[in-house]
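Chain and residue survey
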Amino acid sequence: MEAKTKKLLDDALNQIEKAKTKQELFLINTKFLGKNGSLSELMKELKNVPAEEKPKMGAVLNECRQKIDGLIREKTKKMEEDELNQKLMSEDCDVTIPVKLDNLGTLHPITQTEQLLMEFFVKRGFTVRAGTDVETDYYCFEALNVPKNHPARDMQDTFYITDDILLRTHTSATQIHTLEKYAPPIKMFSLGQTYRVDEIDATHSPIFHQFEILVVDENVSMADLKGTLEDFVKFLFGEKTKVRLRPSYFPFTEPSVEADASCPKCGGKGCPLCKDTGWIELLGCGMVNPVILENHNINTNKYSGYALGAGIERLTMIRYGVSDLRELYENNVNLLKQLK
Ligand SMILES: [Zn+2]
């Protein structure tokens, strides 16, 4: 029986060595070690072996099984590794091939306008101050001279978290935080998201962006405001752009004005962008209401200020001649590519 076992083992080792595929190894495994395999058949003969030799023969058979099994596993594993290496080699990537640049992303047009605005005002000595999207009623309205039940609140209905905590309707709340913390001279720039209960249409969205500047210093007048405005409008829309002021009303500025820019698309002749008027409504601004300065212990005999705030979507739409606000939010790659 020992001789039979040896022959079986030699036979198996020989076949394993010759095997070239995992399938062949699987068949060898079944042939020798399977339930009805040659080794199993040999095991059955163990019952005919004299009792004193049984343990020794058992051990020999067991060793034979382990050896065959071990070699088959080892060779299978080696074949799997070779297969993987072969696959990796064939999928090798060449890092020296030039990258296709057609699909590189760009900054969103609104972000581009924000960066332009920031660049313009920071160069003129303004300090950037961050505000928060969540505000209290006091900072968003009351401290800006818009008490509860003031009609101006109707135009700025917002999302309330509690009766007193809300999502800011404008970036002007940052003016109050600045006046609380800093004494004049003040030159502040701020921008961010703002919120109002508006249905989405071509010119409205419940979430939009604003920027805001506040200047408080000695001898600040409407002429300074107009000068800053003209510079800024020319920077954004081109040297030929003109500014027109119209009297208006905001509780936080006195006097208040609405500023229009001559249409950058048609140069004032009239086109669909300016609805054939030659002018485009741009923003609201004015001299800071002295009540607000006095509330922050600023001597209004010595100091005065101006403030200016605008919707960034609106400025972006004028810059690029986009007529529907929704186009800026629809992730239309073809449109966004044109607005680089
Ligand atoms: Zn026009």
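The notes below deal with the structure included here. Note that the structure is a prediction, hence the values are computed from the model and not measured.

The subject of this paragraph is the pairing of strand S6 (residues 243-250). Of the pairings in the sheet, the one linking S6 to strand S7 (residues 253-262) comprises seven bridges and is antiparallel in character. Looking across to S7, one finds that Leu 245 is bridged to Ala 259.

Let us now look at the nonpolar core. Formed by 42 residues in total, the largest nonpolar core has its most connected members in Phe 211, Phe 232, Leu 283 and Leu 315. Of all elements in the fold, only helix H5 (109-123), strand S4 (186-195), strand S5 (207-218), helix H8 (222-237), S7, strand S8 (279-288), strand S9 (303-311) and helix H10 (312-320) reach the threshold of two or more residues within this core. Ranked by the residues each element gives to this core, the list is headed by H8, at six residues. Setting aside chain neighbours within four positions, we find Phe 211 in contact with Leu 117, Phe 121, Thr 171, Phe 189, Ser 190, Leu 191, Phe 232, Leu 308, Gly 309, Ala 310, Ile 312 and Leu 315. Core analysis: the next-biggest nonpolar cluster, separate from the first, contains 22 residues, Ala 173, Met 188, Leu 214 and Leu 293 among them.

A separate point is the coordination of the zinc ion. Only Cys 263 (SG), Cys 266 (SG), Cys 271 (SG) and Cys 274 (SG) from the protein coordinate the zinc ion, and they sit 2.2 to 2.3 Å from it. Bound by four donor atoms, the zinc ion shows angles of 104 to 116° at the metal and therefore tetrahedral coordination geometry. Written as a sequence motif, the donor residues of the zinc ion are C-x2-C-x4-C-x2-C. Of the two residues, Cys 263 and Cys 271, both sit in the buried class.

Sheets are built from strands that pair by backbone hydrogen bonding, the pairs being arranged parallel or antiparallel. Read from one edge of the open sheet, seven strands run S1-S4-S5-S9-S8-S7-S6, paired in mixed fashion. With partners counted over all chains shown, the strands left at the sheet margins are strand S1 (127-128) and S6, one partner each. When S4 meets S5, the two strands line up antiparallel, connected through 10 bridges. Along S5, the bridge assignment pairs Thr 194 with Phe 208. The strands touched by H8 within the sheet are S5, S6, S7, S8 and S9, with S8 carrying the most contacts at an inclination of about 145°.

The subject of this paragraph is the packing of helix H1 (residues 2-18) against helix H2 (residues 22-33). Running from amino to carboxyl end, H1 crosses H2 at an angle of 170°, the nearest separation of the two axes being 9 Å. For the element pair H1 / H2, the angle class is roughly antiparallel. Here Leu 8, Asp 11, Ala 12, Gln 15, Ile 16 and Lys 18 of H1 come into contact with H2, specifically with Glu 24, Leu 25, Ile 28, Lys 31 and Phe 32. Residue composition of the contact of H1 with H2, by class: six nonpolar, one polar and four charged.

Cis peptide bonds are those with omega within 30 degrees of zero, and the linkage from Pro 184 to Pro 185 qualifies with 5°. Topologically, Pro 185 is positioned in the loop between helix H7 (173-181) and S4. The residue after Glu 254, namely Pro 255, is reached through a cis peptide bond having omega -5°. Among the structural elements, Pro 255 can be located in strand S7. You will see that Asn 331, though not glycine, has its phi angle at about 50°, which is positive. A residue is classified by how much of its surface remains accessible, and Asn 331, at 61% relative accessible area, is exposed.

Let us look at the packing of H2 against helix H4 (residues 54-90). Running from N to C, H2 and H4 cross one another at 170°; their axes reach a closest spacing of 10 Å. On the basis of the axis angle, H2 is roughly antiparallel to H4. Residues Lys 22, Leu 25, Ile 28, Asn 29, Phe 32 and Leu 33 of H2 pack against Arg 65, Ile 68, Asp 69, Ile 72, Lys 75, Thr 76, Met 79, Glu 80 and Glu 83 of H4. Across the contact of H2 with H4, the residue classes break down as seven nonpolar, two polar and six charged.

Looking at where Gly 58 falls in the secondary structure, it is placed in helix H4. It is 8.0 Å that separates the C-alpha atoms of Gly 58 and Met 43, two residues lying 15 residues apart in sequence.

Conventions and cut-offs
- Residues numbered from 1 in each chain as written.
- Predicted model: local features only at pLDDT ≥ 70, side-chain atom pairs only at ≥ 80, totals over all residues.
- Heavy atoms only, no water.
- Pairing = 2+ DSSP bridges.
- Helix = DSSP H or I, 4+ residues; strand = E, 2+ residues; numbered from the N terminus.
- Core = buried A, V, L, I, M, F, W, Y, C linked by side-chain atoms within 4.5 Å.
- Buried < 20%, exposed > 50% of the residue type's maximum accessible area, 1.4 Å probe, protein only.
- Contact = heavy atoms within 4.5 Å.
- Donors = N, O, S within 2.8 Å, 3.2 Å for Na, K, Ca; no water.
- Tetrahedral: all angles 85-135°; square planar, octahedral: opposite > 155°, others 65-115°.
- Axes fitted to C-alpha atoms, helices over the stretch in contact; angles between N-to-C directions.
- Parallel < 35°, antiparallel > 145°, perpendicular 65-115°, else oblique.
- Nonpolar A, V, L, I, M, F, W, Y, C, P; charged D, E, K, R; others polar.

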